[in-house]
Protein chains: 2
Amino acid sequence: MHAAATELTLRSGRAVFDEIRRAAARLDGVAKRTPVLTSRSLDAAVGGAVFLKADHLQCVGAFKFRGAYNAMAKLDDAARRRGVLTYSSGNHAQAVARVGQMLRIETVIVMPDNAPAPKLAATREYGARVITFDPSEQTREDVAAALPEARTHTLIPPFDHYDVIAGQGTCGLELLEQAPQLDRILVPTGGSGLLSGCSVVAHYLGTRCDVIGVEPALADDAARSLRSGRIEVAHDTGRTIADGTRTTSVGQRNFALMQAYTRDVVTVSEEAIRRAMRFVFERLKQVVEPSGVLGLAALMEGAVSADGRSGVILSGGNADPRLFAEIIGAPAGDR
Amino acid sequence: MHAAATELTLRSGRAVFDEIRRAAARLDGVAKRTPVLTSRSLDAAVGGAVFLKADHLQCVGAFKFRGAYNAMAKLDDAARRRGVLTYSSGNHAQAVARVGQMLRIETVIVMPDNAPAPKLAATREYGARVITFDPSEQTREDVAAALPEARTHTLIPPFDHYDVIAGQGTCGLELLEQAPQLDRILVPTGGSGLLSGCSVVAHYLGTRCDVIGVEPALADDAARSLRSGRIEVAHDTGRTIADGTRTTSVGQRNFALMQAYTRDVVTVSEEAIRRAMRFVFERLKQVVEPSGVLGLAALMEGAVSADGRSGVILSGGNADPRLFAEIIGAPAGDR
């Protein structure tokens, strides 16, 4: 794979911020400028003003479209003709497949066989060639590296890539334009592409806004990494319902940016994730997947103060219907 | 009840339209100007451009807020001190209760005991006094008329009232401003407050837009009424999952306006309602109740041509969680 063969050179936050600005121009008129939702009952419930960036309404139902488009639109004609290779548990897969369809680039995507069925189906529907593997046996990086396409296709990994980080960071840029003077932004985190991009944005816009990552307590590697000062590995992440956060660890590029610009990473319980999904269903009439409500869950569970003005990124809406039905249909006594 | 005691005087469409304009001014800054959603996959699925007016995101999760607020905001101080009485299967009840809370007006609301539990609970949470009855034994009008409050409180019925019709008509006014040059608007219909208001709007704006009502085949009284030229009664409407359309018949004021300005009323199957709810869940990430998707169900089932540009009002989002879970969680093979 071309990217993996090169030595890692870390970029400055300023360089990443400049690329986020260019990504915003590239995405203008292609990605949706998703709305910011507010709810009086939510503000009353958490005791502060909350601004929900509805990126679950983005193309392919997730912020991942932003990063995939930014990275793939920058490929030259020769690279586009060869194709793109990636690995993903779901939303990045759909995003790469959809952008490939838009830009007429062949896409080959390695996905774990325990990815939600709708995410596998949608990725295939967008025209990608999907290769599944058993994540208890192999890593997705190893599966991808062993493919013949690893020699020809450009690898666009899901988070550890500056063009992906920059594209994803445009979500935070929009939120800070739509809801100014936020005291904090809560960002779901798996590999930390969105978190690192948003952290850079808030810093270089000169705001006093803290950017805080949120992950499930059952997949708390980002929080541990920030504390220990080195990239820690997550174990048994299949236990969390937040499938978008089942990454082994944060990316190297992401971690360097997080150390410089991310205020904190907090964790939430599985029950808080379920409660936040039910609240969003009942009060906001929105469908948000488990990983997508992590920020709201942190506010509702009190893992983060809700004083003042909080931005929350609703990062994806591709919920497995059966799991969603189970969560919202649970009798009131079970809540 | 004051209103019921007076003789019925029908108003001209022009007079109703003028009141809709005044209602729009009254609701400005109070009701939400709800967004219009579009979806490439929806357009492809039905073969035409579709503009979904997301009034399930209105205050209290339904267009009913518009009519309740318009009617109650017009009450003078003496009437406000006496209170408001109404009957409703759900969304109008919530709307009257919420407006009562906002304007500090006591509200007494008669609801059938088979109304969805969340609608009963929300109405009480807004501070209304709720009186339930068995709809197989009594009519809601009779229950309301027998209450002592019938002598003191102003009755704001759910649809057969010009201030309610005018408030609800503002939904159509906004849609035609947000999505111009529509060929048709599809409107869910129970008592036909929304349908009659929207029909007047499209006519007096001088558009060439047809306004078409949609009701469940299991509660097809509006369609039969328009054909026969007199108000027909619905039987056994409890069989449809679209609880918002379980009215006995359309209102007299509504019917007079429908005869003059409504192009047609079509019916859809229960299965089409379920399919439309699943589509909205999967592709638009929205929670819409069964009555709320009737217009979309008509397009998807082919009950109405989708040629050109179709407006569809998503009228409510207060879905019963258990029913919603059952509908979206059904295995693919059951669809």
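Undergrad: I'm lost on the relation of the copies chain B and chain A in this one. Help?
TA: Copies of the same chain, two in number, are related to each other by a rotation about an axis and a translation along it. With an RMSD of 0.0 Å, the operation that places chain B on chain A is a rotation of 180° combined with a shift of 0.0 Å along the axis. Expressed as an axis order, the relation between the two copies is that of a two-fold axis. Relative to the rotation axis, the closest C-alpha in chain B is found at Ala-325 of chain B, a distance of 2.0 Å. A share of 100% of interface residues in chain B that are also interface residues in chain A marks the association as one of identical surfaces.

Undergrad: Help me out: how do you make sense of the nonpolar core in this one?
TA: Grouped burial of nonpolar side chains is what soluble globular proteins tend to show. Counting residues in hydrophobic clusters, the biggest one holds 79 residues, and the most contacted among them are Leu-52 and Phe-324 of chain A together with Leu-52 and Phe-324 of chain B. In this structure Leu-52 of chain A touches Pro-35, Val-36, Leu-37, Leu-42, Leu-284, Leu-296, Val-312 and Leu-314 of chain A, once residues within four positions along its chain are discounted.

Undergrad: Help me understand the sheet that holds strand β10 (residues 309–314) of chain B, please; the structure alone is not making it clear to me.
TA: The strands making up a sheet associate through hydrogen bonds between their backbones, and the pairing can be parallel or antiparallel. Residues and elements named next belong to chain B. Taken in spatial order, the six strands line up as β1-β2-β10-β7-β8-β9 in an open sheet, and their pairing is mixed. The strands lining the two open edges of the sheet, one partner per strand, are β1 (36–37) and β9 (264–268). Where strand β7 (residues 184–188) lies against strand β8 (residues 210–216), five bridges are found, and the strand directions are parallel. Following the sheet pairing, Ile-185 is matched in β8 by Val-211. Most of the contacts of helix α9 (residues 162–178) go to strand β2 (residues 49–54), to which it runs at about 135°, and overall it touches β1, β2, β7 and β10. Each of β8 and β9 touches helix α11 (residues 221–228); the most contacted strand, β9, lies at about 145° to it.

Undergrad: Teacher, can you tell me more about the packing of aromatic side chains here?
TA: Each aromatic ring pair is characterised by the separation of its centres together with the angle its planes make. All told, the structure shown has ten aromatic pairs over all chains when counted by the stated rule. Relative to Tyr-204 of chain A, the ring of Phe-17 of chain A lies with its centre 5.7 Å away and its plane at 20°, an arrangement referred to as stacked. With a gap of 187 residues between them, Phe-17 of chain A in helix α2 (residues 13–27) and Tyr-204 of chain A in helix α10 (residues 193–204) connect regions that are remote in the sequence. With relative accessibility at 24%, the residue Tyr-204 of chain A sits in the partly exposed group. Between Phe-65 of chain B and Tyr-69 of chain B, the aromatic rings sit 6.0 Å apart at their centres with planes inclined by 25°, giving stacked as the arrangement. Of the two residues, Phe-65 of chain B and Tyr-69 of chain B both sit in helix α4 (residues 64–73), four residues apart, roughly one turn of that helix. The pair Phe-65 of chain B / Tyr-69 of chain B is uniform in exposure class, with both members buried.

Undergrad: Is there a simple way to explain unusual backbone geometry in this structure?
TA: With glycine set apart, most residues show a phi of negative sign, and most peptide bonds adopt trans. In this model, Ser-192 of chain A sits at a positive phi of 80°, which is unusual for a non-glycine residue. Residue position: Ser-192 of chain A is located in the loop between β7 (184–188) and α10.

Undergrad: Looking at this structure, how should I read the sheet that holds strand β1 (residues 36–37) of chain A?
TA: Residue and element names in this part refer to chain A. Across the sheet, six strands lie side by side as β1-β2-β10-β7-β8-β9; this open sheet has mixed pairing. Each having just a single partner strand, β1 and β9 (264–268) make up the two edges of the open sheet. The strands touched by helix α11 (residues 221–228) within the sheet are β8 (210–216) and β9, with β9 carrying the most contacts at an inclination of about 145°.

Undergrad: How do you make sense of the packing of helix α6 (residues 91–103) of chain A against helix α7 (residues 117–125) of chain A when you look at a structure like this?
TA: The axes of two packed helices give the description: the angle between them and the distance between them. Residue and element names in this part refer to chain A. Interaxial distance between α6 and α7 falls to 8 Å at its minimum, and their mutual angle equals 15°. With respect to each other, α6 and α7 are oriented roughly parallel. Read as a crossing pair, α6 and α7 show a hand that is left-handed. Where α6 abuts α7, its residues Asn-91, Ala-93, Gln-94, Ala-97 and Gln-101 lie against Lys-119, Ala-122, Thr-123 and Glu-125. Split by residue class, the contact of α6 with α7 holds three nonpolar, four polar and two charged.

Undergrad: Where do I start with the interface of chain B and chain A in this structure?
TA: For an interface, size is often stated in terms of accessible area lost upon the parts coming together. Counting from both sides, the interface comprises 25 residues of chain B and, opposite them, 25 residues of chain A. Across the chain B to chain A interface the summed buried area is about 1,900 Å²; carbon plus sulfur atoms make up 57%. Of all residues in chain B, Phe-281, Lys-285 and Val-287 of chain B give up the largest surface area on contact with chain A, accounting jointly for 30% of the area buried on that side. Of all the secondary structure elements, the ones that give two or more residues to the side of chain B that touches chain A are α13 (270–284) and α15 (321–329) of chain B. For the side of chain B that touches chain A, the element with the highest residue contribution is α15 of chain B, accounting for six residues.

Undergrad: Sorry if this is basic, but what is going on with helix α2 (residues 13–27) of chain B here?
TA: Given 3.6 residues to a turn, an α-helix orients residues that are three or four positions apart in the same direction. All names here are of chain B. With 15 residues, α2 should cover 21 Å at 1.5 Å per step; its first-to-last C-alpha distance of 21 Å lies within 8% of that length. Along α2, the positions that sit buried rather than exposed are Gly-13, Val-16, Phe-17, Glu-19, Ile-20, Ala-23 and Leu-27. Down the axis, α2 shows its buried residues gathered within 160° of arc, on one side only. Contact partners of the buried residues in α2: α4, α9, α10 (193–204) and α12 (252–261). Within two residues after α2, Gly-29 carries a phi angle of roughly 85°, on the positive side.

Undergrad: When you look at the environment of Gln-178 of chain B in this model, what are you seeing that I'm missing?
TA: All names here are of chain B. In this fold, Gln-178 is placed in helix α9. Sequence-wise, Gln-178 and Phe-51 are 127 residues apart; in three dimensions their C-alpha atoms are separated by 9.2 Å. Excluding residues that lie within four positions of it along the chain, Gln-178 makes contacts with Arg-33, Thr-34, Pro-35, Val-36 and Lys-53.

Undergrad: For this particular structure, what's the right way to read the confidence of the model for chain A?
TA: Residues and elements named next belong to chain A. Scored by pLDDT, chain A comes out at a mean of 94, with 97% of its residues at no less than 70. Here residues 1–5 is a poorly scored stretch, pLDDT under 50, and it has twelve contacts once near neighbours within four places are set aside; other chains count. Two numbers describe this predicted complex: its pTM, 0.92, and its ipTM, 0.91.

Undergrad: Hey, could you run me through the pairing of β8 of chain B in this one?
TA: In regular strands, side chains alternate between the two faces of the sheet. Residues and elements named next belong to chain B. Most of β8 is tucked away, with six of its seven residues classed as buried. Crossover connection from β7 via α10 to parallel β8: handedness right-handed. With five bridges connecting them, β8 and β9 associate as parallel partners. Along β9, the bridge assignment pairs Glu-215 with Thr-267.

Undergrad: Would you mind showing me how to read the pattern of salt bridges here?
TA: Side-chain pairs of opposite charge can arise where the charged atoms are in close proximity. Within this structure, the stated rule accounts for 40 salt bridges over all chains. We note a salt bridge from Glu-19 of chain A to Arg-26 of chain A, for which the minimum N-O separation is 3.1 Å. Ionic pairing is found between Asp-243 of chain B and Lys-119 of chain B, a salt bridge with its closest N-O pair at 2.7 Å. You can see Asp-243 of chain B sitting in the loop between α11 and α12 and its partner Lys-119 of chain B sitting in helix α7 (residues 117–125), a full 124 residues away along the chain. Take Lys-119 of chain B: its relative accessible area is 2%, and that puts it in the buried class. Salt bridges here are not isolated pairs; linked through shared partners, they connect Glu-19, Arg-22, Arg-26, Lys-74 and Asp-163 of chain A.

Undergrad: What is the right way to look at the environment of Met-300 of chain B in this model?
TA: Mapped onto the secondary structure, Met-300 of chain B falls in helix α14 (residues 294–301). Along the chain, Met-300 of chain B and Ala-179 of chain B lie 121 residues apart, while their C-alpha atoms are 20 Å from each other.

Procedures and definitions
- Residues numbered from 1 in each chain as written.
- Chains lettered and ligands numbered in written order.
- Predicted model: local features only at pLDDT ≥ 70, side-chain atom pairs only at ≥ 80, totals over all residues.
- Heavy atoms only, no water.
- Least-squares fit on C-alpha atoms with pLDDT ≥ 70 in both.
- Contact = heavy atoms within 4.5 Å.
- Core = buried A, V, L, I, M, F, W, Y, C linked by side-chain atoms within 4.5 Å.
- Buried < 20%, exposed > 50% of the residue type's maximum accessible area, 1.4 Å probe, protein only.
- Pairing = 2+ DSSP bridges.
- Helix = DSSP H or I, 4+ residues; strand = E, 2+ residues; numbered from the N terminus.
- Axes fitted to C-alpha atoms, helices over the stretch in contact; angles between N-to-C directions.
- Phe/Tyr/Trp six-rings, centres within 6.5 Å; stacked < 30°, edge-to-face > 60°.
- Parallel < 35°, antiparallel > 145°, perpendicular 65-115°, else oblique.
- Left-handed = near helix turned anticlockwise from the far one by under 90°.
- Nonpolar A, V, L, I, M, F, W, Y, C, P; charged D, E, K, R; others polar.
- Buried area = accessible area lost by both parts, 1.4 Å probe.
- Expected span 1.5 Å × (residues − 1).
- Arc of directions from axis to C-beta.
- pLDDT = per-residue confidence, 0-100.
- Right-handed = clockwise from strand over helix to strand, strands pointing away.
- Salt bridge = Lys/Arg side-chain N within 4 Å of Asp/Glu carboxyl O.

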